[in-house]
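Architecture and fold: a report
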Amino acid sequence: MSLIVNRRDIDFLFYEVGDLDEILRNGSYTEFDRGSIDAVLDLAQNMAERAFLPFAGALDANEPAFDGEKVSMMPQVGEALYAFAEAGFFAAGFDQEIGGLGLPSVVCQAVQGMFACANLSVAGYSFLTVAAANLLNECGDAEQKAMFLPKMLEGKWFGTMCLSEPQAGSSLSDIKTMATPTDDGHYRITGSKMWISGGEQEISENIVHMVLAKIPGGPPGVKGISLFIVPKYRVNLDGSVGEKNNVSLIGLNHKMGYRGTTNCALNFGEAGECRGYLVGEPHQGLKYMFNMMNEARLAVGAGATMSALGGYLYSLQYARERLQGRHPGDKDPASPQIAIIEHADVKRLLMTQKAYVEGALALLYYCATLVDRQRLSTDDDERWELKLLLDILTPVAKSWPSEFCLEANKHAIQVLGGYGYTRDYPVERHYRDNRINAIHEGTHGIQGLDLLGRKVRIHDGAALKLLTAEIEKTLAAASTTVGREGEARTLKEALDQCHSTIMRISQCSDVNRALANATPFLDAFGHVVIGWMWLRLAIAAINGLESGKEADKDFYRGKIAACRFFFNYELPKTEHVFRLVGSLDDTCLTVTPESFIGE
Amino acid sequence: MKILVPVKRVIDYNVKVRVKSDQSGVDLANVKMSMNPFDEIAVEEAVRLKEAGTAEEIVAVSIGPEKAQDQLRQALAMGADRAILIKTEETVEPLAVAKLLKKVVEEESPELVILGKQAIDDDSNQTGQMLAALLGWAQGTFASKVNLADGKIDVTREIDGGLQTVSLKLPAIVTTDLRLNEPRYASLPNIMKAKKKPLDVKEIGDYGVDVAPRLETLKVTEPPKREAGVKVESVAELVDKLKNEAGVL
């Protein structure tokens, strides 16, 4: 079995749960068919397994180093990324008019997933570049696009996102980096940025930083933030790389995981003029950035899911081979030992991982399909609805995997026992790699505020209504599917309780109190969404059992078992949380800072 | 010059092979299948010869199930110009494959056939040699280096004692060893272009050769499990064990 992907699961999500066949019948996607999609996935899997996976552990043990002049890292990182670039993966998701392949978003999701699972740190450089290129493509002017985009799509220049500063992380309104206009049209950038992934490396010929900064005299707070392109090296008129642009590396941060991706403190304009090029209108930077942030947040959720998938597959393989102990009912010490996967509690550990990982994966593919349908739709109303649906699901797709797929990594370690706790096995690395995801691109707490403070209310609750209608479609299908009626009722109850909780929150005039428990609400809301996903998966699996191939029966039975598991072990947890949140509990809100340790 | 490259669809090298419970063969249900790695090397070598201007056309051919089109498409994406699938759901033994390939060679008249030294599923290591014999062509097997010039091809072969270089007159058969080259990955644009390259699907019946199996499979079993070793105290004890227990001295 592969340790980075379950291809059967991808096919299931593409063609049985989702409707990729239908998507491929539309617009520019008609160029693709199942055969070519398979070939793309084969290529991605082969490259990820051969060029990315083999040194993931070694890269973790040998993180990039900075000698005061240059960053050095294992040469395999560059080799893997050159192969990735050569094959055209940087451009895979971009429109053909600008040199991309125009691959559907849901297929990109599967492709990127394999690289992320194989070697998250290396894949990180490509995701950041694609995100920066997306931003540029969306908001840059023709000249800027011509100068930077082709090189980024070819994977010759990499990209970064520079938002945070040492004193301003979640609170972007407090950034201090300044952009002063010059007579030559460009801006002079001065200031420091922190936590910049991929902020320095010697792999690509140039680095294109997308930097948030303030123009002197602009409005205060977030309304005064603008977006700039700041290359590591200036670009000559003929497009070649020119002199240094005075972006300097102060130092590398030494992280718990995700170690192969450099994480940098950068100084702009310290040693001389650092040129920045304004993207779009002044003071609109945060808006531009947040347009792209949705995509970045989905990518974070996908990364979390892939780290967990890596742990799940490894611990599953291990549990099948590791012989240890006997069934509790077997008292004969001379009887042969059994594989640990025979033990009910090990099965529980694996089943929990399966329910979290595959449930999260289903949500991510669902979201990617919304992106595809948005692209294909010619109807403004429909596009608007798809966007709203994506808006409300984004905080869930980012944060639920970050929280619960990390839990899955914990279980993977548990399956391996003491071995799992050592660095000789990859499961602890996956755990450490995954731990970042609840922190970056908007922390878990920020996501809770986004969901409860904004997304469930936007446009008079229109997004919530749309989501409810979608869930109800599945409930209707489930209530007529033999064996799933009980789960349909359970999910309906959880959904109703979710609504009444939101109602109570919205009636509370004290905003601080209303939002005090936004994070527990986010988790419970996420459980409802994932419960909905599992019901969709189970319905598709039942269809598969009736009409599918004999060889697939175990696969389908596993899906149905995992659905049952989620509804019996997980979904009931929401009842308590919704009650707590709905009661406007103020325990945390009212506790004073002094009362923690009495001083 | 035209080069023919036969490729085989085999169980992926990463898959842990399981024997079917009735011992009739190995379990292929829901198992990842790929191009035989030695054949990938063969495709790569042909593509390099084309890129060097030595070859004009590369024809990939496979004998196998409908799904073997996937492997032919991969060969096309790597740089082959067209492909032929000879469709069969039955097992074809090396001799049958060689006979079919002989027919293809007669139709296509390539000057060079490059194929893997063996397929990683049955490890027969026979097809190239049999094909050379049936055609009466020269053969250079286990190639780790090839040099094509002046109507002949020098093939450096990996043999037990080291390396041997043979000089063959064309037309010739070359079978590839692991160190001949490192195959490229196809690129996404080339995967899309490969869709439009010609792929002929033929039936075994189109060739009029006898492909009936000559071998009968009695049963397929897992290799015996390795027994745990023992530690010996002294050289004398080791020699004694080798003489009296292992019986190898």
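Residues numbered from 1 in each chain as written. Chains lettered and ligands numbered in written order. Predicted model: local features only at pLDDT ≥ 70, side-chain atom pairs only at ≥ 80, totals over all residues. Heavy atoms only, no water.

Some remarks on the overall build of chain A
A count of helices and strands for chain A gives 20 helices and twelve strands. The C-alpha atoms of chain A give a radius of gyration of 25 Å, which matches the 25 Å a tight globule of 599 residues would have. When its C-alpha atoms are laid out on the principal axes, chain A stretches across 80 × 60 × 55 Å. When the accessible area of chain A is evaluated, it comes to approximately 24700 Å², of which 51% is carbon and sulfur surface. When the 57 positive and 75 negative side-chain charges of chain A are each reduced to one mean point, those points stand 4 Å apart. (Helix = DSSP H or I, 4+ residues; strand = E, 2+ residues; numbered from the N terminus. Rg over C-alpha atoms; globule rule 2.2 N^0.38 Å. Areas by Shrake-Rupley, 256 points an atom, 1.4 Å probe, with all protein chains shown as cover. Lys, Arg positive; Asp, Glu negative; His and termini not counted. Charge placed at Lys NZ, Arg CZ, Asp CG, Glu CD.)

Digging into the UniProt feature "domain: Acyl-CoA dehydrogenase/oxidase N-terminal" (unreviewed entry) in chain A
When the UniProt feature table is mapped onto this chain, "domain: Acyl-CoA dehydrogenase/oxidase N-terminal" (unreviewed entry) is found at residues 39-156 of chain A. When the span residues 39-156 of chain A is considered, its composition is 66% helix and 3% strand, and the gap between its end C-alpha atoms is 24 Å. (UniProt positions renumbered as here; feature names shortened; annotations may be inferred.)

Considering the pattern of salt bridges
On inspection of all chains with the given rule, the structure shows 53 salt bridges over all chains. A salt bridge links Glu243 of chain A to Arg234 of chain A; its shortest N-O distance comes to 3.4 Å. Since its relative accessible area comes to 52%, Glu243 of chain A is described here as exposed. Classification of Arg234 of chain A as buried rests on a relative accessible area of 10%. In this structure, Asp12 of chain B engages Lys32 of chain B in a salt bridge whose closest nitrogen and oxygen atoms are separated by 3.6 Å. Note that Asp12 of chain B is positioned in the loop between strand S2 (9-11) and strand S3 (33-35) and Lys32 of chain B in the loop between S2 and S3, a separation of 20 residues in sequence. (Salt bridge = Lys/Arg side-chain N within 4 Å of Asp/Glu carboxyl O. Buried < 20%, exposed > 50% of the residue type's maximum accessible area, 1.4 Å probe, protein only.)

Brief notes about the environment of Gln76 of chain A
Residues and elements named next belong to chain A. Within the secondary structure, Gln76 is located in helix H5 (residues 75-86). What makes Gln76 partly exposed here is its relative accessible area of 28%. The sequence separation of Gln76 and Phe52 amounts to 24 residues, and the corresponding C-alpha distance is 8.3 Å.

Considerations on the sheet that holds strand S6 (residues 112-116) of chain B
Residues and elements named next belong to chain B. With mixed pairing, nine strands are arranged side by side in an open sheet as S9-S8-S7-S10-S6-S1-S4-S5-S11. Strands with a single pairing partner mark the edges of an open sheet, and in this sheet they are strand S9 (162-169) and strand S11 (199-203). This sheet shows a mean twist of 30° between the axes of neighbouring strands, independent of strand direction. Its contacts with the sheet place helix H1 (residues 37-51) against strand S1 (2-6), strand S4 (57-64), S6, strand S7 (138-149) and strand S10 (172-176), and it is angled at close to 145° to S6. (Pairing = 2+ DSSP bridges. Axes fitted to C-alpha atoms, helices over the stretch in contact; angles between N-to-C directions. Contact = heavy atoms within 4.5 Å.)

Regarding the environment of Ser204 of chain A
Residues and elements named next belong to chain A. With respect to the element layout, Ser204 can be found in the loop between strand S5 (187-197) and strand S6 (206-214). With 290 residues separating them along the chain, Ser204 and Ala494 place their C-alpha atoms 50 Å apart. Excluding anything up to four places from it in sequence, Ser204 contacts Lys156, Trp157 and Phe158. At 2.9 Å, the side chain of Ser204 forms a polar contact with the side chain of Gln201. Engagement of the side chain of Ser204 in a polar contact is seen with the backbone oxygen of Asn206, the distance being 2.8 Å. (Polar contact = N/O pair within 3.5 Å; in protein donor to acceptor, adjacent residues only side chain to side chain.)

A word on helix H19 (residues 573-582) of chain A
Residues and elements named next belong to chain A. Taken together, the buried positions of H19 are Thr574, Val577, Phe578, Val581 and Gly582. Considered in projection along H19, the buried side chains sweep an arc of 125° and stay on one side of the axis. Looking at the packing, one finds that the buried side of H19 touches helix H15 (485-506), helix H17 (518-547) and helix H18 (553-570). Count one or two residues on from H19 and you reach Leu584, which has phi positive near 55°. (Arc of directions from axis to C-beta.)

Points about the pairing of strand S12 (residues 275-279) of chain A
Residue and element names in this part refer to chain A. Bridge count for S5 against S12 is two bridges, and the pairing is antiparallel. Each bridged residue has a counterpart across the sheet, and for Tyr187 the counterpart in S12 is Gly276. Both strand S7 (residues 225-231) and S12 contribute to a ladder of three bridges, which runs antiparallel. Across the sheet, Leu227 pairs through a bridge with Val279, a residue of S12.

Some remarks on the interface of chain B and chain A
Accessible area lost during the coming together of the parts is what is often quoted as the interface size. Each partner contributes residues to the interface: chain B has 17 residues there, and chain A has 27 residues. Three residues stand out in chain B for area buried against chain A, namely Tyr185, Leu188 and Met192 of chain B, and they jointly supply 35% of the buried area on that side. Connecting chain B to chain A are three salt bridges. In this structure, the salt-bridge partner of Glu40 of chain B is Arg50 of chain A, at a minimum N-O distance of 3.3 Å. In this structure, the connection of chain B to chain A is made through seven residue pairs in polar contact (both at pLDDT 80 or more). Considering each element in turn, the side of chain B that touches chain A owes the most residues, four residues, to helix H5 (residues 188-194) of chain B. (Buried area = accessible area lost by both parts, 1.4 Å probe.)

Let's talk about the pairing of S5 of chain A
Side-chain direction in a regular strand flips from residue to residue, so the side chains alternate between the two faces of the sheet. Residue and element names in this part refer to chain A. Pairing geometry for strand S4 (residues 178-181) and S5, over four bridges, is antiparallel. Bridge assignment links Pro181 to a residue of S5, and that residue is Tyr187. Sheet topology places S5 next to strand S11 (residues 263-268); five bridges connect them, and they run antiparallel. Directly across from Ile196, in S11, lies its bridge partner Cys264.

Observations concerning the packing of helix H11 (residues 380-416) of chain A against helix H14 (residues 458-479) of chain A
All names here are of chain A. Relative to each other, H11 and H14 sit at 90°, their axes nearing to 9 Å. Considering the angle they form, H11 stands roughly perpendicular to H14. Two secondary-structure elements touch here, H11 through Trp384, Glu385, Leu388, Leu389, Asp391, Ile392 and Leu393 and H14 through Ile458, His459, Ala462, Ala463, Leu464, Leu466, Leu467 and Glu470. (Parallel < 35°, antiparallel > 145°, perpendicular 65-115°, else oblique.)

Thoughts on the packing of H15 of chain A against H19 of chain A
To describe two helices that pack against each other, one gives the angle between their axes and the distance between the axes. Residues and elements named next belong to chain A. Interaxial distance between H15 and H19 falls to 9 Å at its minimum, and their mutual angle equals 15°. When the axes of H15 and H19 are compared, the pair comes out roughly parallel. Remark: the crossing between H15 and H19 carries left-handed chirality. For the pair H15 and H19, contact is made by Ala494, Gln497, Cys498, Thr501, Arg504 and Ile505 and by Thr574, Glu575, Phe578, Arg579, Val581 and Gly582, respectively. Residue composition of the contact of H15 with H19, grouped by class: five nonpolar, four polar and three charged. (Left-handed = near helix turned anticlockwise from the far one by under 90°. Nonpolar A, V, L, I, M, F, W, Y, C, P; charged D, E, K, R; others polar.)

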